[in-house]
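Examination of the molecular architecture
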Amino acid sequence: MLFRSAAAPQGGAPAAPAAGRGPAPLPTFDTSKPAKLDLTMATARYRVKEQLVGVSFMNDAVGTTDKVTGTLVIMPNGSFGPQSKLTVDMKSLNSDQGLRDGYIRTRVLDAEKFPTLEFVPKRTQGLPAPLPSQPTAQALGFQLIGDMTLKGVTKEVTFNIAGTLRGATVAGVATTSFKFQDFNLPKPAVPLLLSAEDTINLEVEFRAARSVAQ
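Rules used in this analysis
- Residues numbered from 1 in each chain as written.
- Predicted model: local features only at pLDDT ≥ 70, side-chain atom pairs only at ≥ 80, totals over all residues.
- Heavy atoms only, no water.
- Helix = DSSP H or I, 4+ residues; strand = E, 2+ residues; numbered from the N terminus.
- Buried < 20%, exposed > 50% of the residue type's maximum accessible area, 1.4 Å probe, protein only.
- Contact = heavy atoms within 4.5 Å.
- Areas by Shrake-Rupley, 256 points an atom, 1.4 Å probe, with all protein chains shown as cover.
- Salt bridge = Lys/Arg side-chain N within 4 Å of Asp/Glu carboxyl O.
- Pairing = 2+ DSSP bridges.
- 1 Å grid on protein atoms, 1.4 Å probe; cavity = no way out; pocket = protein on both sides within 12 Å on 5 of 7 lines; lining within 4 Å.
- Points joined across faces, edges and corners; volume = space filled by probe spheres on them.
- Polar contact = N/O pair within 3.5 Å; in protein donor to acceptor, adjacent residues only side chain to side chain.
- Core = buried A, V, L, I, M, F, W, Y, C linked by side-chain atoms within 4.5 Å.
- pLDDT = per-residue confidence, 0-100.

As for the overall build of the protein chain
When you go through the protein chain residue by residue, the secondary structure sums to one helix and 10 strands. Sequence-ordered secondary structure for the protein chain, helices as α and strands as β, is β-β-β-β-α-β-β-β-β-β-β. Buried residues in the protein chain amount to 37% of all 214 residues. Of all intrachain contacts in the protein chain linking residues separated by at least 6 positions in sequence, the fraction that spans at least 24 positions is 65%. Total accessible area computed for the protein chain in this model is approximately 12300 Å², and 54% of it derives from carbon and sulfur atoms.

Things to note about the pattern of salt bridges
Scanning the entire structure with this criterion turns up 10 salt bridges. Notably, a salt bridge pairs lysine 85 with glutamate 118, separated by 3.7 Å at the nearest N-O pair. Here lysine 85 is found in strand β4 (residues 85-89), whereas its partner glutamate 118 is found in strand β5 (residues 116-125), with 33 residues between them in sequence. Across the pair lysine 91 and glutamate 112 runs a salt bridge whose closest N-O atoms are separated by 3.5 Å. A residue pair is termed long-range when its members are at least 10 positions apart, and lysine 91 in the loop between β4 and α1 (98-108) and glutamate 112 in the loop between α1 and β5 qualify at 21 residues. Residue class for lysine 91 comes out partly exposed when judged on its relative accessible area of 39%. According to the relative accessible area criterion, glutamate 112 is exposed, its value standing at 65%.

Some points on the pairing of strand β3 (residues 68-74)
Regular strands place their side chains on alternate faces of the sheet. Among the seven residues in β3, six count as buried, and that is most of the element. For β3 and β4, the ladder comprises four bridges, and the chain directions are antiparallel. Paired with threonine 71 across the bridge in β4 is lysine 85.

A short note on empty space enclosed by the protein
Applying the stated rule across the entire model yields two cavities of 30 Å³ or more. Lining the largest cavity are 26 residues; nearest its centre among them are Leu72, Leu86, Leu144, Ile161 and Phe206. Breaking the lining of the largest cavity down by element, the ones donating at least two residues are β1 (35-52), β3, β4, β5, β6 (138-150), β7 (153-166), β8 (169-179) and β10 (199-212). Looking at the second largest cavity, its volume works out to about 40 Å³.

Some points on the side chain of threonine 71
As for its position among the elements, threonine 71 is in strand β3. A distance of 2.6 Å separates a polar atom in the side chain of threonine 71 from a polar atom in the side chain of aspartate 38. Among all residues touching threonine 71, those that are not within four sequence positions of it are Lys36, Leu37, Asp38, Gln83, Ser84, Lys85 and Leu86.

Comments concerning the side chain of glutamate 203
Tracing the backbone through its elements, the reader meets glutamate 203 in strand β10. Here arginine 45 takes part through its side chain, which lies 2.7 Å from a polar atom of the side chain of glutamate 203. A distance of 3.5 Å separates a polar atom in the side chain of glutamate 203 from a polar atom in the side chain of arginine 47. Beyond its immediate chain neighbours, meaning those up to four positions away, glutamate 203 contacts Thr43, Ala44, Arg45, Arg47, Ala174 and Thr175.

Some words on the nonpolar core
Within the largest apolar cluster, 42 residues are counted, with the highest numbers of intra-cluster contacts made by Leu109, Met148, Leu150, Phe159, Phe183 and Leu185. Those elements that place two or more of their residues in this core are β1, β3, α1, β5, β6, β7, β8 and β10. Looking at this core element by element, the count peaks at six residues for β1.

Overview of the confidence of the model for the protein chain
Here the protein chain averages 86 in pLDDT, and 82% of its residues register 70 or above. Here residues 1-17 is a poorly scored stretch, pLDDT under 50, and it has seven contacts once near neighbours within four places are set aside; other chains count. Across residues 53-57, where pLDDT falls below 50, the model places six contacts with residues more than four positions away in sequence or in other chains.

As for unusual backbone geometry
Alanine 129 connects to proline 130 through a cis peptide bond whose omega is 0 degrees. When you line up the elements, proline 130 lands in the loop between β5 and β6. Non-glycine residue lysine 151 carries a positive phi angle of around 55 degrees. Structurally, lysine 151 can be placed in the loop between β6 and β7.

Here is the structure:
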């Protein structure tokens, strides 16, 4: 943000900045108590490299949804409270091609029977314990390991997370990858699709509100 300098009175020193216009201090939290992070905004996105018939190069098939909900409760020792879980609505995934979306929802994900992806965190690597709380912004880089359930199959996955902790707000991006066969997912086979790679890249952009768990 750019601030315009106050005009100086004729023949005098520059005017003093008006009181109360400085940035409000960031809130801090008692780190001896569990930290509760409630998602306030999130977008989940899958990426799969594919090659279309008649095209000589690979491109990314990308599907997104903003129907992502969940809460993480991080205990002072770094473990997670039992109510910690993230959920993605798989029926709302959309890309730039309706034909692909219909096939993914019905044939690949069977979203009517398995409408959600769920992630239950178990532990972290590289995240300070307790979760820091200070009156300045702090960059975070760590791994979040937990059980992901997709189409009735549960596997342990690791998300790499890059984010920022700023007072009562935590924001960042979480990424992971897995194979179609890891969750018994059939690879897409639709008209105009020549081939698709075996790896699914999953990323979640998120913003969460921090409070003290009761």
